[in-house]
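# Commentary on secondary and tertiary structure
The chain contents come next:
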Amino acid sequence: MAEAVLIDLFGLKLNSQKNCHQTLLKTLNAVQYHHAAKAKFLCIMCCSNISCERDGEQDNCELETGNGLSALLKEFEIVSCPSMAACLYTIKQKIDERNLSSIKVIVPRHRKTLMKAFIDQLFTDVYNFEFEDLQVTLRGGLFKQSIEINIITAQELREIQNEIETFLRSLPALRGELTIITSPLIPDIFIHGFTTRTGGISYIPTLSSFNLFSSSKRRDPKAVVQENLRRLANAAGFNMEKFYRIKTHHSNDIWIMGRKEPDSYDGITTNQRGVTIAALGADCIPIVFADPVKKACGVAHAGWKGTLLGVAMATVNAMIAEYGCSLEDIVVVLGPSVGPCCFTLPRESAEAFHNLHPACVQLFDSPNPYIDLRKATRILLERGGILPRNIQDQNQDLNLCTSCHPDKFFSHVRDGLNFGTQIGFISIRE
């Protein structure tokens with residue numbers, strides 16, 4: 001049974017003819033009868049413009065309330081916006097506020113494919129949609145069953161994407177201004193930084209607001225994440241068309257850019273100018289590497305497994321092997337991560353950190369000791385030959401625990417499965 005029901009009247013002429021209102025009344029009555037008891041959200045989508053144009057047609061969207069409609073419409077929330085993108089985004093917010101995921105869409109047959117195209121851009125696999133045909137009027141009077149259009153052309157899809165992008169760009173930043181944390185260790189020939197959770201448009205509490213990763217398990221669609229990334233690129237000064245994120249597998253595999261891209265990897269290195277590479281983080285450490293002598297850089301994602309597998313030094317060794325970097329020239333900056341105050345592991349997993357160095361573990365004799373990932377990473381980097389003065393893991397908010405600071409950072413430990421993601425990024429200026 002659907003948790004939410006959406007009736008699509010966007011751009012349709014609802015004139016005063018008796019048959020039109022009788023058909024609409026019948027549809028609303030049916031929805032109320034079948035869904036009102038269990039559905040938590042009943043919605044009608046309309047166009048707020050005097051005229052809405054698509055495919056060369058202009059249709060007034062006038063939702064009149066005569067002939068018994070007025071009382072029935074009180075059971076429905078009416079969302080009226082000037083564009084499809086604005087309407088569906090507003091409806092998505094209302095669905096997300098109620099934490100719903102099963103949605104029935106009652107839509108004219110000729111708009112079903114269009115509706116699905118918008119939904120594909122604005123929703124993720126968290127949501128389950130079913131579709132039902134709605135009888136409509138097409139430019140002229142009586143309701144009739146329309147013909148379903150089964151194909152969206154590449155040009156039409158791009159127009160849909162443009163409409164969504166234009167709308168998302170108009171949205172205000174949430175939770176404050178966009179903030180980028182930088183390190184004085186990395187010289188100005190590089191663009192680099194670590195993001196926080198402020199200044200984006202993601203509105204779901206655990207993703208708000210500068211979430212930079214979308215997946216099938218989260219409610220933030222790629223379109224929202226791309227808008228957040230666009231804002232970051234503008235603020236930092238890099239080209240988002242040449243932006244690459246790691247494909248996390250909690251391992252020590254490194255992609256040397258220019259070679260064949262692996263299916264998954266927790267580090268990237270490059271010496272290509274103008275290419276921005278990024279490591280994800282939400283308790284795990286996003287690490288940035290730079291060699292100003294050989295003009296090469298890298299990023300790594302270090303969770304507890306990757307830390308023990310040596311992903312940080314694997315990234316360093318890739319830079320040495322591929323670009324001729326020297327250990328004494330490489331600087332390493334550790335981004336915000338979960339601290340030993342909040343991160344625990346079962347004792348059998350904690351033992352490996354204790355063997356690395358006892359200072360990496362607190363309360364080792366307890367069933368779930370506390371682990372210091374940052375200390376472990378520094379120890380491994382220093383043992384690998386990175387100069388201690390070339391490692392920054394403190395100051396400038398870098399050492400703040402992500403779990404302890406919900407105002408600044410996302411955290412898997414704190415927020416659970418629907419957590420947001422911040423990043424560490426670097427590129428060589430063109």
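Provided above is the structure to which this section pertains.
Let me begin by describing the structure that accompanies this report. Because the structure is predicted, anything quoted here is derived from the model rather than measured.

So, how was this worked out
- Residues numbered from 1 in each chain as written.
- Predicted model: local features only at pLDDT ≥ 70, side-chain atom pairs only at ≥ 80, totals over all residues.
- Heavy atoms only, no water.
- Helix = DSSP H or I, 4+ residues; strand = E, 2+ residues; numbered from the N terminus.
- Buried < 20%, exposed > 50% of the residue type's maximum accessible area, 1.4 Å probe, protein only.
- Contact = heavy atoms within 4.5 Å.
- Areas by Shrake-Rupley, 256 points an atom, 1.4 Å probe, with all protein chains shown as cover.
- 1 Å grid on protein atoms, 1.4 Å probe; cavity = no way out; pocket = protein on both sides within 12 Å on 5 of 7 lines; lining within 4 Å.
- Points joined across faces, edges and corners; volume = space filled by probe spheres on them.
- Nonpolar A, V, L, I, M, F, W, Y, C, P; charged D, E, K, R; others polar.
- Salt bridge = Lys/Arg side-chain N within 4 Å of Asp/Glu carboxyl O.
- Pairing = 2+ DSSP bridges.
- Axes fitted to C-alpha atoms, helices over the stretch in contact; angles between N-to-C directions.
- Phe/Tyr/Trp six-rings, centres within 6.5 Å; stacked < 30°, edge-to-face > 60°.
- Lys NZ or Arg CZ within 6 Å of the ring centre and 35° of its normal.

## Structural notes on the overall build of the protein chain
A tally of regular secondary structure across the protein chain gives 11 helices and 20 strands. Put simply, the protein chain has 430 residues, and 52% of those count as buried. Pairs at least 24 apart in sequence give 70% of the contacts found in the protein chain among residues at least 6 apart. When the accessible surface of the protein chain is summed, it comes to about 18,900 Å², and 48% of that surface belongs to carbon and sulfur atoms.

## Let's talk about the layout of surface pockets
In this structure, the largest pocket encloses a volume near 750 Å³. Along the wall of the largest pocket there are 26 residues; nearest its centre are H250, C284, H301, H412 and F419. Listing elements by their share of the lining of the largest pocket, those giving two or more residues are β13 (276-281), α7 (304-309) and α11 (412-415). In terms of residue class, the lining of the largest pocket is built from 12 nonpolar, 9 polar and 5 charged.

## A word on the pattern of salt bridges
Summed over the entire model, instances satisfying the criterion amount to 20 salt bridges. One salt bridge in this structure joins D8 and R111, with 2.7 Å as the shortest N-O distance. Of this pair, D8 sits in strand β1 (residues 4-8) while R111 is found in the loop between β6 (102-108) and α4 (112-122), placing the two residues 103 residues apart along the sequence. This pair shows no difference in class: D8 is buried, exactly as R111 is.

## Let's talk about the sheet that holds β6
One open sheet holds the 5 strands; their spatial order is β5-β2-β1-β6-β7, and the pairing between them is parallel. Whereas interior strands pair on both sides, the edge strands pair on one side only; in this sheet they are β5 (77-81) and β7 (128-134). When the angles between neighbouring strand axes are averaged without regard to direction, this sheet yields 20 degrees. Helix-sheet contacts for α4 involve β1, β2 (41-47), β6 and β7, and the interaxial angle to β7 is about 160 degrees.

## Some remarks on empty space enclosed by the protein
For the coordinates displayed, the defined rule picks out 1 cavity of 30 Å³ or more. Estimated volume of the largest cavity: approximately 30 Å³. In this structure, the largest cavity is lined by I287, A302, T307, G310, A312, T377 and L380. Of the residues belonging to the lining of the largest cavity, the class tally is 4 nonpolar, 3 polar and no charged.

## Some words on the sheet that holds strand β10 (residues 243-245)
One open sheet accounts for 5 strands, arranged β8-β9-β20-β13-β10; its pairing is mixed. Of all strands in the sheet, those bounded by a partner on one side alone are β8 (180-181) and β10. For strand β9 (residues 190-195) and strand β20 (residues 422-428), the ladder comprises 5 bridges, and the chain directions are antiparallel. Across the sheet, the residue bridging to F194 is G424, located in β20. Here helix α6 (residues 222-236) sits on the sheet and contacts β8, β9, β10 and β20; the angle it forms with β10, its principal contact strand, is near 120 degrees.

## Examining the packing of aromatic side chains
By the definition in use, this model includes 9 aromatic pairs. Judged by centre distance (5.4 Å) and plane angle (65 degrees), the ring pair of Y89 and F167 falls under edge-to-face. On the criterion of sequence distance, the pair formed by Y89 in helix α3 (residues 84-97) and F167 in helix α5 (residues 154-169) is long-range, its members being 78 residues apart. As far as the burial class goes, Y89 and F167 line up, both buried. Both rings, one in F238 and one in F243, keep their centres 5.7 Å apart while their planes meet at 15 degrees; by these two values the pair is stacked. The structure contains a cluster of three or more aromatic residues connected by ring pairs, namely F123, Y127, F129 and F131. In this structure, K116 packs its charged tip against the face of F131, placed 5.0 Å from the ring centre.

Note that all results are geometric; they support no functional claim without further evidence.
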